Amino acid sequence: EAGVAQSPRYKIIEKRQSVAFWCNPISGHATLYWYQQILGQGPKLLIQFQNNGVVDDSQLPKDRFSAERLKGVDSTLKIQPAKLEDSAVYLCASSLGGLLSSYNEQFFGPGTRLTVL
Amino acid sequence: GEDVEQSLFLSVREGDSSVINCTYTDSSSTYLYWYKQEPGAGLQLLTYIFSNMDMKQDQRLTVLLNKKDKHLSLRIADTQTGDSAIYFCAASKEGGFKTIFGAGTRLFVKA
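The shown structure was predicted, so the numbers you read here are calculated from the model rather than taken from an experiment.

The rules behind these values
Residues numbered from 1 in each chain as written. Chains lettered and ligands numbered in written order. Predicted model: local features only at pLDDT ≥ 70, side-chain atom pairs only at ≥ 80, totals over all residues. Heavy atoms only, no water. 1 Å grid on protein atoms, 1.4 Å probe; cavity = no way out; pocket = protein on both sides within 12 Å on 5 of 7 lines; lining within 4 Å. Points joined across faces, edges and corners; volume = space filled by probe spheres on them. Helix = DSSP H or I, 4+ residues; strand = E, 2+ residues; numbered from the N terminus. Nonpolar A, V, L, I, M, F, W, Y, C, P; charged D, E, K, R; others polar. Buried < 20%, exposed > 50% of the residue type's maximum accessible area, 1.4 Å probe, protein only. Polar contact = N/O pair within 3.5 Å; in protein donor to acceptor, adjacent residues only side chain to side chain. Phe/Tyr/Trp six-rings, centres within 6.5 Å; stacked < 30°, edge-to-face > 60°. Contact = heavy atoms within 4.5 Å. Buried area = accessible area lost by both parts, 1.4 Å probe. Salt bridge = Lys/Arg side-chain N within 4 Å of Asp/Glu carboxyl O.

A. Up close: the layout of surface pockets. For the largest pocket, the calculated volume is near 760 Å³. As for the largest pocket, its lining consists of 35 residues, and the residues nearest its centre are Gln-37, Leu-39 and Arg-113 of chain A together with Gln-37 and Ile-86 of chain B. Those elements that provide at least two residues to the lining of the largest pocket are strand 9 (88–95) and strand 11 (112–116) of chain A together with strand 9 (85–92) and strand 11 (105–110) of chain B. Here the residues of the lining of the largest pocket are counted per class, giving 18 nonpolar, 13 polar and 4 charged. The calculated volume of the second largest pocket comes to roughly 490 Å³. Around the second largest pocket, the lining comprises 28 residues; the ones closest to its centre are Lys-44 and Gln-59 of chain A together with Glu-2, Ile-100 and Phe-101 of chain B. Counting only elements with at least two residues in the lining of the second largest pocket, the list comes to strand 4 (31–37) and strand 5 (44–50) of chain A together with strand 9 and strand 10 (100–101) of chain B. Across the lining of the second largest pocket, the residue classes tally to 9 nonpolar, 12 polar and 7 charged.

Quick look at the structure:
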């Protein structure tokens, strides 16, 4: 079974530029998560989708970050414009069940390392 | 907001037991997790425990949960150099909703 795929693996941009990350979850997984992991910290949940609907985006900086999950499969996370403090690893995860599941293991992708200069 | 806290570093000798501790604030957390992250690699789920359990054992790993004190620990028996990594504690509600991670404990294993 293929894991969660993310691209690109690395990205370097200048502040005020835009950037987009792509995630392909494990086939059949209903729930998709985007996390931000700043160096030396744990992952912070940015947004959680169930199929193509948003179930939690309370920690997403909506003035500059946006995410979509068209057709309930792949997802993109965009930052526009980027700031220096956005430098981090962006992790995508997926899980089989939705909110009505009890235990719902998350499988993580390798992440995209973003450096904002 | 809700929080998960861990000590930042732990150093042990090869063959000894390691105990990594974690506290969380959200008493409605349903699942508590331990993840491992090695340099340049993604997060790997090691084990989890449901909030109505107080202990779970899986080979060299033992998880203890004190729900009253909101304290979670991970014990690794016979620690090996390959166990050197960052260990993250996490808590979530039903269905993986509102998952919160700690900052991670870096485990150093000395040969």
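B. Molecular detail of unusual backbone geometry. All names here are of chain A. Ser-7 connects to Pro-8 through a cis peptide bond whose omega is -10°. Tracing the backbone through its elements, the reader meets Pro-8 in the loop between strand 1 (5–7) and strand 2 (10–13). With an omega of -5°, the peptide bond between Gln-80 and Pro-81 qualifies as cis. Relative to the helices and strands, Pro-81 resides in the loop between strand 8 (75–79) and strand 9. Phi is positive for Arg-16, which is not a glycine, with a value near 80°. Tracing the chain through its elements places Arg-16 in the loop between strand 2 and strand 3 (19–24).

C. Up close: the environment of Gln-37 of chain A. Among the secondary structure elements, Gln-37 of chain A is positioned in strand 4. A residue is classified by how much of its surface remains accessible, and Gln-37 of chain A, at 9% relative accessible area, is buried. Sequence-wise, Gln-37 of chain A and Asp-63 of chain A are 26 residues apart; in three dimensions their C-alpha atoms are separated by 19 Å. A polar contact is formed between the side chain of Gln-37 of chain A and the backbone oxygen of Gln-41 of chain A, at a distance of 3.1 Å. Among the polar contacts made by the side chain of Gln-37 of chain A, one reaches the side chain of Gln-37 of chain B at a distance of 3.2 Å.

D. Up close: the packing of aromatic side chains. Counting across every chain of the model gives 14 aromatic pairs over all chains. For the pair Tyr-35 of chain A and Phe-101 of chain B, a centre-to-centre distance of 5.6 Å together with 90° between the ring planes defines the contact as edge-to-face. A residue pair is termed interchain when its members come from two chains, as with Tyr-35 of chain A in strand 4 and Phe-101 of chain B in strand 10. Comparing Tyr-35 of chain A with Phe-101 of chain B shows no difference in burial state: the two are buried. A ring pair is formed by Tyr-31 of chain B and Phe-50 of chain B, whose centres lie 5.0 Å apart and whose planes are at 40°; its orientation type is tilted.

E. Looking closely at the interface of chain A and chain B. Chain A puts 24 residues into the contact, and the matching count from chain B is 19 residues. When the two sides are added together, the surface that chain A and chain B hide from each other amounts to roughly 1700 Å², 53% of it contributed by carbon and sulfur. Along the contact surface separating chain A from chain B lie 1 salt bridge. One salt bridge connects Lys-98 of chain B with Asp-56 of chain A, and the closest N-O pair in it is separated by 3.2 Å. Put simply, chain A and chain B have 4 residue pairs in polar contact (both at pLDDT 80 or more) between them.

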